[in-house]
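Secondary and tertiary structure notes
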Amino acid sequence: MMETTQTMLERLLGGVPLGLPGIVRVGGSDDLRAIGVDNGNGHTKVALFHPDGRLCTLAIPTVYRAAREIRGGAGIVSYAVNDGSRFWIGTDALSHDGDALPIGSTAERVSDQRHRDFLAATMVECLIEAGYAAGIHNLAVGIAIPNDEIVMKKQGDRLGVSRETRDALRQNLYGKTFTVVRTDAFGHETTWVLTYSVMAPQAQSLGTYLVWKNAPNGLAVDNGIEALTIIDIGTGDLQRTDIDVNPYRLMGEKLGAGTITMARHFARRLPQLRLNDAQATQAMITRTVRAEGRRVDIGTQVDAIIAAEGQDLIARMLPALQQNSRFVLFTGGGVLLPGLRQAIEERAAIAGKTAGQGYEIVPALYAMSLNAIGALVAVVHSAASGQ
Ligand SMILES: Nc1ncnc2c1ncn2[C@@H]1O[C@H](COP(=O)(O)OP(=O)(O)OP(=O)(O)O)[C@@H](O)[C@H]1O
Ligand SMILES: [Mg+2]
């Protein structure tokens, strides 16, 4: 089979490596490790290639907490960046009352030191997951940014990153080195020296589109679809992106808040637990909470909230689902919530759409990470084209 007959998503689903290099050179640089990151409001997703070419992805709840002193028993993985104080991230931070880092624009977020430190620690976890050793890692970072931070450039008709985002990336990440000391659960320390030698921002939904539409060599696979709507069900945002294939055109709009609204309703139903946003989000994913020191199954309550509050999310997606002129692609972690997925399928059926023909829900394995994979692929391709 010729390479260009299968999209990257199809290859990934079939377990076929993309055959793309994990190491790139950009504009005369030394060898850089390519890495894609989607710094979501709920989870930060990172993608990079294993040494053997397989894709590795990781999603870590965007949660940060200053580390506490552990005086006995099992340790918790902690990090210190550029000689700063120690902190925990992800589920470890969550189960010790950590809260989500503030949501906001890329500029607001990367200007916050905790956020930069969190990002560096997340990159370290992904490097470990992919089997790399501590030491010096010079990175070419493809970064997925919210669609509304992409603007039309003054000259010509090219799309580019908004000035605010570009300046913030330059000031806070581009060319900067983050020295991360990671202490594992047994107290063993390793030092990771990460330099963001290249920062390549890209509209997050464009990443999803590239992986869904293109072969690994970057050429589009003709599936007969010329007009597409992507619905990304995220934690903070529900996003709609309309893409025309030829001539290529991308238009995005926010359709309001994402699953966070359901999580907050859920937290209000269980006031005695005082769940913060991140804990409520995680409770809905794991279908358990910790109450009075015990792990408690709350699956029934989660289903009830999704059935009731999910209707509002669905209502905001309906116009996209009911239109007949575009294929609809559903993505984002929201499609992993069983009740929500079912509701989408039911509404699609009512609108006369069949799966595969009128719409598609990105398979569970990749629903959260497509934006990050797209950012990774984009940085590899831009290196190959000498940009
Ligand atoms: N494994 C899972 N099982 C069930 N639901 C999940 C799972 N993972 C994520 N979700 C749900 O999907 C939601 C969105 O997750 P996602 O990681 O796509 O958001 P995000 O990208 O961090 O947010 P945003 O796009 O607003 O920045 C989560 O808040 C959660 O409700
Ligand atoms: Mg997202």
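Above this note sits the structure.
For the structure given in this document, a descriptive report is provided here. (Residues numbered from 1 in each chain as written. Chains lettered and ligands numbered in written order. Predicted model: local features only at pLDDT ≥ 70, side-chain atom pairs only at ≥ 80, totals over all residues. Heavy atoms only, no water.)

What follows is about the sheet that holds strand β20 (residues 359–361). An order of β16-β15-β14-β19-β20 is seen for the five strands of this open sheet, with the pairing classed as mixed. Here the strands that pair on one side only, and so sit at the sheet edges, are β16 (249–257) and β20. On average, each strand axis in the sheet is inclined to that of its neighbour by 15 degrees, with strand direction left out of account. Of the pairings in the sheet, the one linking strand β15 (residues 237–244) to β16 comprises seven bridges and is antiparallel in character. Across the sheet, the residue bridging to Gln-239 is Lys-254, located in β16. (Pairing = 2+ DSSP bridges. Helix = DSSP H or I, 4+ residues; strand = E, 2+ residues; numbered from the N terminus. Axes fitted to C-alpha atoms, helices over the stretch in contact; angles between N-to-C directions.)

So, about the environment of Gln-204. Looking at where Gln-204 falls in the secondary structure, it is placed in helix α6 (residues 204–213). Judged by relative accessible area, which is 11%, Gln-204 ranks as buried. Between the C-alpha atoms of Gln-204 and Val-24, which are 180 residues apart in sequence, the distance is 21 Å. Setting aside anything within four residues of it in sequence, one finds Gln-204 in contact with Asp-38, Ala-144, Ile-145, Pro-146, Asn-147, Asp-232, Gln-239 and Asn-371. (Buried < 20%, exposed > 50% of the residue type's maximum accessible area, 1.4 Å probe, protein only. Contact = heavy atoms within 4.5 Å.)

Before going further, it helps to spend a moment on helix α7 (residues 260–269). When α7 is considered as a whole, its buried residues turn out to be Ile-260, Met-262, Ala-263, Phe-266 and Ala-267. Relative to the axis of α7, the buried residues are bounded by an arc of 155 degrees and lie together on one face. Buried residues along α7 sit in contact with β16, α8 (277–286), α9 (299–322) and α10 (338–350). (Arc of directions from axis to C-beta.)

The next subject is the side chain of Glu-125. Its location among the elements puts Glu-125 in helix α4 (residues 113–129). When neighbours within four sequence positions are excluded, Glu-125 is seen to be in contact with Leu-58, Ile-60, Val-77, Tyr-79, Ile-89 and Arg-182.

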